[in-house]
Amino acid sequence: MKLVIIGGVAGGATAAARARRLDESAEIVIYERGQYVSFANCGLPYYIGEVIQERDALLVSTPEMFKGKYNVDVKVMSEAVAIDRQAKTVTVKHLMTGQEITESYDKLILSPGAEPVKPPLPGVDLPGVLSLRSIPDSDTIKALVDSGKVKKAVVVGGGFIGLEMAENLAERGVRITLVEAMDQVMPPIDYEMATLVHANLELKGVDLRLKTRITGFEQAGEGLLVNTEAGDKIECDLALLSIGVRPENELAKQAGLDIGPRGHFLVDNSLRTNDPDIFAVGDAVQIWDYVTGLPVAMALAGPANRQGRIAADNAMGRSTVYRGALGTSVVGLFGQVIASTGPSQKFLEANNVPHMVVYSHSPNHASYYPGSEMMAVKLIFAPGSGRVLGGQIIGGPGAERRIDVLATAAKAGLSVFDLEELDLAYAPPFGSARDPINVAGMVAANMLRGDMKAVTPLAIEDMDPENDVLIDVRFDDEVEETGTIKGSMHIPLPQLRSRLPILDKSKRYLVYCAIGLRGYLAYRIMVQNGFNVVNILGGFGLYRPWLGRAEGAIVDKDQAITLGAAFAAS
Ligand code: FAD
């Protein structure tokens, strides 16, 4: 048995190690185009930021280590340029010598990854316009930053790599402009959750320019100008292109392997291509969303690793099924943790998949223990059954742990009723007796059981001025400090019961607090007193970054409608 693997990083290296564990006698060869095998590409931004101080720490393995540990031959600087499927051979070009060899295989695993998108814009090849995929890329960027010449950088694209680079360059004292063509950063999460990230970026001094398209780059003395469609010319010393990746599919095209609409290799659930002896894994393949079964592509290390292992199983004669991915991910950004799992709401909407959402806010650990931070949780679940479909969490430390609980729940087919009951670890420095995941489950379960009617802050925009009344139940000092949503009547929760007699029962009341909990209490008080009422999920805390940035959306406390005035008007 001879197994040849193309690409020796996340998917390819994992496949090689797994194959060796299954068959000690197989001949296993990896061809890797770059200089390094199995390096820590996810660590590159942190090496540039000098969080990882030793370059060698990025070299998770070497060809010598692969030989010693796994008896796998790793040939670096060796690019596979053609596959002859009839002859079952690969043509490999050595990039130092230019020499080509023909290598035979019994089974072939392709893990060529995806390369940064480089749009054909004027000036895109200028020396200061860079992207980050490999160790040599990070060497180039780090050397520039180390030279002290980079005072300002434009990061183009607000995905994972763009955000990590924004943070790491900022940590090195570089002023950052982050330019994003869409109206939000972090495409895997939904817009309203991304607004919490926008607020954090701005708080940390990043010049965030959303809905801004780049049209080209110009040299300006020693620096660069980044031109935008709106006619702006943003000065910088370095422009980092991080606008997404494109699957490396040249081999697939040349060999006549099936590719999908966005250029990814098409594979079945054993990760086999349309050639029974060729498997493909990692960033270059189209897979399917675990929850909906719909086709997706994900450039993430976890799925690439698991696929590498499964493709090796199948190449070595086992029958292991790949069941798709949730795309669970996490990014740290200036102390904020941005985590998500499963399909987003916008993905479900675009594909007409029925779903419901709730928002909840909870402290990451007991609020009386020093350093607690709120985390915003968006839970996405199926109507009726309450099956967990996915979630998004923005918060401080501990958000990553909670997203892993949601990922496990989504994988296991658990429901929001199970989340209510999950027995999760608690001591004051780490959590609360009612964990943020329990709370999210309770909010969702309350809705499904009919204990709470709730709407998202979007409902405020659709209010009927004749029949709907918005009530802010936060305390005086909170409203004093932050203002209130325009058109709100302010009745602090402790005064609500005594004010009920002068509220008009023919109206519909939309109640909100800071995060949704006191809104729920207000809801329960009012509904049991015969009012038509809904709670606004996420409350003011979600409204403010999401919709509250519009001119006049938030007004001062003294502009809140007083109960007397409302009473007089009705
Ligand atoms: P790769 O790991 O990219 O490996 C493909 C290899 O194949 C490359 O080295 C390439 O040189 C080689 N190759 C391509 N074509 C040929 C050919 N014809 N012949 C020979 N060799 C070839 N994911 C996360 O989940 N979390 C993170 O925090 C994270 N951070 C990241 C940070 C950066 C800067 C980058 C670049 C990626 C990050 N990722 C992260 C993504 C993750 O690294 C990828 O999803 C994962 O490496 C994909 O594995 P792969 O095997 O498909 O491709």
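For the structure itself, consult the block above.
Now for a look at the structure at hand. What you see is a predicted model; the values in this text were computed from it and never measured.

Conventions and cut-offs
- Residues numbered from 1 in each chain as written.
- Predicted model: local features only at pLDDT ≥ 70, side-chain atom pairs only at ≥ 80, totals over all residues.
- Heavy atoms only, no water.
- Helix = DSSP H or I, 4+ residues; strand = E, 2+ residues; numbered from the N terminus.
- Rg over C-alpha atoms; globule rule 2.2 N^0.38 Å.
- Buried < 20%, exposed > 50% of the residue type's maximum accessible area, 1.4 Å probe, protein only.
- Contact = heavy atoms within 4.5 Å.
- Lys, Arg positive; Asp, Glu negative; His and termini not counted.
- Charge placed at Lys NZ, Arg CZ, Asp CG, Glu CD.
- Near = heavy atom within 4 Å.
- Polar contact = N/O pair within 3.5 Å; in protein donor to acceptor, adjacent residues only side chain to side chain.
- Areas by Shrake-Rupley, 256 points an atom, 1.4 Å probe, with all protein chains shown as cover.
- Nonpolar A, V, L, I, M, F, W, Y, C, P; charged D, E, K, R; others polar.
- Pairing = 2+ DSSP bridges.
- Salt bridge = Lys/Arg side-chain N within 4 Å of Asp/Glu carboxyl O.
- Core = buried A, V, L, I, M, F, W, Y, C linked by side-chain atoms within 4.5 Å.
- Phe/Tyr/Trp six-rings, centres within 6.5 Å; stacked < 30°, edge-to-face > 60°.
- Lys NZ or Arg CZ within 6 Å of the ring centre and 35° of its normal.
- Axes fitted to C-alpha atoms, helices over the stretch in contact; angles between N-to-C directions.
- Parallel < 35°, antiparallel > 145°, perpendicular 65-115°, else oblique.
- Expected span 1.5 Å × (residues − 1).
- Patch = residues over 30% accessible without salt bridge, like charges linked within 9 Å, V, L, I, M, F, W, Y side chains within 5 Å.

So, on to the overall build of the protein chain. From N to C terminus, the protein chain includes 18 helices and 33 strands. Taken over C-alpha atoms, the radius of gyration comes to 27 Å for the protein chain, in line with the 25 Å a tight globule of 570 residues would show. When burial is assessed residue by residue, the protein chain has 54% of its 570 residues classed as buried. Pairs at least 24 residues apart make up 63% of the contacts formed inside the protein chain by residues separated by at least 6 positions. Where the 55 positive side-chain charges of the protein chain centre and where its 68 negative ones centre are 3 Å apart.

As for its placement among the helices and strands, Tyr191 is situated in helix 6 (residues 191–203). Separated by 285 residues in sequence, Tyr191 and Asp476 have C-alpha atoms that sit 30 Å apart.

Quick look at the site of the ligand now. Taken together, 29 residues lie near the ligand, and Gly11, Glu32, Ser111, Asp283 and Ala301 sit nearest. For the ligand, an oxygen atom lies 3.0 Å from a polar atom in the side chain of Asn41. Surface burial for the ligand is 89%, taken as the share of its 990 Å² of free accessible area covered by protein chains. At the level of elements, helix 1 (10–22), strand 4 (78–84), helix 5 (160–171) and helix 8 (301–315) are the ones that each hand at least two residues to the shell around the ligand. The class makeup of the residues in the shell around the ligand is 15 nonpolar, 8 polar and 6 charged.

On to the pairing of strand 13 (residues 214–220), then. In summary, the side chains of a regular strand alternate between the two faces of the sheet. The sheet contact formed by strand 13 and strand 14 (residues 223–228) spans 6 bridges and is antiparallel. Note on strand 14: the bridge partner recorded for Gly216 is Asn227. Linkage of strand 13 to strand 14, two consecutive antiparallel strands, is achieved through a turn of 2 residues, within which Gly221 is found at a positive phi near 65°.

Taken together, 5 strands build an open sheet; the order of strands is 9-16-10-11-12 and the sheet is parallel. Taken across any chain shown, the strands that pair with only one partner, and hence form the sheet edges, are strand 9 (129–130) and strand 12 (207–209).

Another point: the pattern of salt bridges. In total, this model carries 31 salt bridges according to the counting rule given. A salt bridge links Asp435 to Arg402; the shortest N-O distance between them is 2.9 Å. One end of the pair, Asp435, is in the loop between helix 11 (416–421) and helix 12 (436–449); the other, Arg402, is in helix 10 (residues 399–412), and 33 residues separate them in sequence. Per residue, the accessibility class of Asp435 equals that of Arg402, and both read buried.

The next subject is the nonpolar core. Ranked by internal contacts, the top residues of the largest apolar core, which has 111 residues, are Leu163, Leu169, Leu201, Leu379 and Met526. When residues no more than four places from it in sequence are discounted, the contact partners of Leu201 are Leu163, Leu178, Val185, Val206, Leu208, Leu333 and Phe334. Counting 52 residues, the second-largest nonpolar core is a separate cluster that includes Ala15, Ala80, Leu257 and Met316.

So, on to the packing of aromatic side chains. Under the definition given, this model contains 4 aromatic pairs. Where Phe66 meets Tyr70, the ring centres are 5.5 Å apart and the plane angle is 45°; that geometry is what we call tilted. One end of the pair is Phe66 and the other is Tyr70, both in helix 3 (residues 63–70) and 4 residues apart, which spans about a single turn. Accessibility expressed as a relative area gives 3% for Phe66, which makes it buried. Between the aromatic rings of Trp288 and Tyr322, the centroid separation amounts to 6.0 Å while the plane-to-plane angle is 65°, which identifies the pairing as edge-to-face. With a gap of 34 residues between them, Trp288 in strand 20 (residues 285–288) and Tyr322 in the loop between helix 8 and strand 22 (329–333) connect regions that are remote in the sequence. We note that Trp288, like Tyr322, is buried. The lysine or arginine in question, Arg474, covers the ring of Phe540, its NZ or CZ lying 4.0 Å from the ring centre. Lying over the aromatic face of Phe475, Arg518 brings its terminal NZ or CZ to 4.7 Å of the ring centre.

Each packed pair of helices is defined by two parameters, the angle between the axes and the distance between the axes. The N-to-C vectors of helix 6 and helix 17 (residues 539–546) enclose an angle of 80°; their axes lie 8 Å apart at closest approach. Taken together, the axis directions place helix 6 and helix 17 in an arrangement best described as roughly perpendicular. Counting all contacts with helix 6, which are made through Tyr191, Glu192, Thr195 and Leu196, the residues of helix 17 involved are Gly541, Leu542, Pro545 and Trp546. Considering only residue class, the contact of helix 6 with helix 17 consists of 5 nonpolar, 2 polar and 1 charged.

All right, on to the sheet that holds strand 15 (residues 233–236) then. What the 3 strands build is an open sheet, ordered 13-14-15; its pairing is antiparallel. Two strands in the sheet have a free side with no partner beyond their single neighbour: strand 13 and strand 15. Between one strand and the next, the sheet's axes are offset by a mean angle of 25°, whatever the strand orientation. Bridge analysis of strand 14 against strand 15 gives 4 bridges, and the strand direction is antiparallel.

With 14 residues, helix 12 extends 20 Å from end C-alpha to end C-alpha; this agrees with the ideal 20 Å at 1.5 Å per step. Along helix 12, 11 of the 14 residues are buried, which leaves the element largely enclosed by surrounding structure. Pro436, Ile437, Asn438, Val439, Ala440, Gly441, Val443, Ala444, Ala445, Asn446 and Met447 are the residues of helix 12 that are buried. The N-cap of helix 12, judged by a side-chain oxygen 2.9 Å from the amide nitrogen of Ile437 a few residues on, is Asp435. In the segment just after helix 12, Gly450 is the residue with positive phi, at about 85°.

A separate point is a nonpolar patch on the surface. Taken together, the side chains of Tyr368, Tyr369 and Tyr426 present a nonpolar region at the surface, about 360 Å² in accessible area. With respect to the helices and strands, Tyr426 occurs in the loop between helix 11 and helix 12. For Tyr426, a relative accessible area of 39% gives the class partly exposed.

Here Tyr359 lies in strand 24 (residues 356–363). Taking the relative accessible area as the measure of exposure, Tyr359 reaches 3% and is therefore buried. With 34 residues separating them along the chain, Tyr359 and Ala325 place their C-alpha atoms 24 Å apart. With sequence-adjacent residues up to four places away left out, Tyr359 is seen in contact with Glu192, Met193, Gln345, Val377, Lys378, Val443, Thr456, Leu537, Gly538, Leu542 and Trp546.

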